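So the chains spell out like this:
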Amino acid sequence: EKLEEYGLVATMGIITVKMNDTGKLTWKEAEDMVATGRWGVANHTKNHDQTGFSSLTEAQLKEEINGGQEILRQHFPSLPIVSMYPPGGITSTLIKKVVNEKHHILRGTSGGNNTLPLTESAMLALKCNGVGQFANATIDNDKMKGWIDSGITDGKLIVEMWHGIGDSDGSSWGGNCPEDVAETHLEYVAQKMNDGKLWVATLDDVATYTIQKLNAKARVLEETENKVVLSLTDDLDDSIYKSELTINFPMPNGYTKATATMGGKDIKATVADGKVSVT
């Protein structure tokens, strides 16, 4: 409800064998959540075997990781599902190798800075900030606000890990984020987003947008005194990589306004700071 109220989105990590268990999320509930447009899905493995995950063979890891992705794609055919949460944040060279075969994002569990670039065949390793009392760290609004402010100032990606809101669900994670803290934080995130200082997206959207941006090839096909014809292409699968991109180019001297068309239809062109931006 708060995602809808504030215009935000989030990503839920799904352990496939846990779905439909007593007291757990059902496939129908998850599908309905995705249908709202407010939720993406990440692969949290088939079984979440935190104890034995690091000792699995390559074949077992492929079944646990890529097998989980296959099941999720059957339930959510509209989503690329190229993000992965390892159980307990456990990783290794072999785990990264298997994840990288079919995923673009590997989200860990401890805070830290992460940088791009991300290529079509490369994986972005993201670390997260734990919300609630995960890892015995009491979280308050000042601390959570600091994550957002530092991300904006430093131009970095911020991944927050939420296990629950409100009353504890009795799991071993140590507690959920209090409702008042959660609402205050989401309101602050929405404020920064609406001010144009923050992009809030699912992890899949982060991955696919970044890959498109790095693989896009822009060419000038024609240029006259008052017109520029551009071509923007890539070699990616359009069923997965379908994020909107923005092209920026210098505004010719003496001009203050611009219009744009694509495929014969008008599209938005914005003029600011001596450049034209077309999405």
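Our subject is the structure listed above.
Residue numbers restart at each chain and count upward from 1, following the sequence in its written direction. Local features are withheld for residues below a pLDDT of 70 in this predicted model, meaning they are given only at 70 or higher, and side-chain atom pairs are given and counted only at 80 or more; totals for whole chains, interfaces and linings count all residues. Based on all heavy atoms of the structure, the side-chain values leave hydrogens and waters out of the count.

Attention now moves to helix α7 (residues 203-215). The end-to-end C-alpha separation of α7 is 18 Å, in line with the 18 Å expected for 13 residues at 1.5 Å each. Turning to α7, its buried residues are L203, D204, V206, A207, T208, T210, I211 and Q212. Residue contacts are counted whenever heavy atoms from the two residues lie within 4.5 Å of one another. Put simply, DSSP H or I for four residues or longer makes a helix, DSSP E for two residues or longer makes a strand, and each gets a number counted from the N terminus. Close packing links the buried residues of α7 with β1 (10-14), β2 (39-43), β3 (83-84), β4 (105-107) and β5 (124-126). The span one expects for a helix is its residue count, reduced by one, times 1.5 Å. When accessible area is computed with a 1.4 Å probe and restricted to protein chains, residues below 20% of their type maximum are described as buried, those above 50% as exposed, and intermediate ones as partly exposed.

Turning next to the pattern of salt bridges. Any Lys or Arg side-chain nitrogen found within 4 Å of a carboxyl oxygen on Asp or Glu counts as a salt bridge. Within this structure, the stated rule accounts for twelve salt bridges. Note that E5 and K2 form a salt bridge whose closest N and O atoms lie 3.0 Å from each other. With E5 and K2 both in helix α1 (residues 2-6) and three residues apart, this pair spans about one turn of that helix. Taking relative accessible area as the criterion, K2 reaches 29% and is therefore assigned partly exposed. Where K97 meets E58, a salt bridge forms, and the shortest distance between an N and an O atom there is 2.6 Å. One end of the pair, K97, is in helix α4 (residues 93-102); the other, E58, is in helix α3 (residues 58-75), and 39 residues separate them in sequence. Ionic contacts of the salt-bridge type, sharing partners, join the residues E58, K62, K97 and E101 into one network.

Here, nonpolar core refers to any group of buried Ala, Val, Leu, Ile, Met, Phe, Trp, Tyr and Cys residues whose side-chain atoms link them within 4.5 Å. With twelve residues, the main nonpolar core is built from A42, V82, Y85, I105, L124, L126, C128, V159, M161, L203, V206 and A207. Elements with a contribution of two residues or more to this core: β5 and α7. The element that contributes the greatest number of residues to this core is α7, accounting for three residues. In contact with V206, not counting residues within four places along its chain, are I105, L157, W199 and A201.

Burial in α4 covers these residues: I95, V98 and V99. For α4, the angular spread of the buried residues around the axis is 100°, confining them to a single face. On its buried face, α4 is in contact with α3, β3 and β4. This arc is taken over the directions from the axis of the helix to the C-beta atoms.

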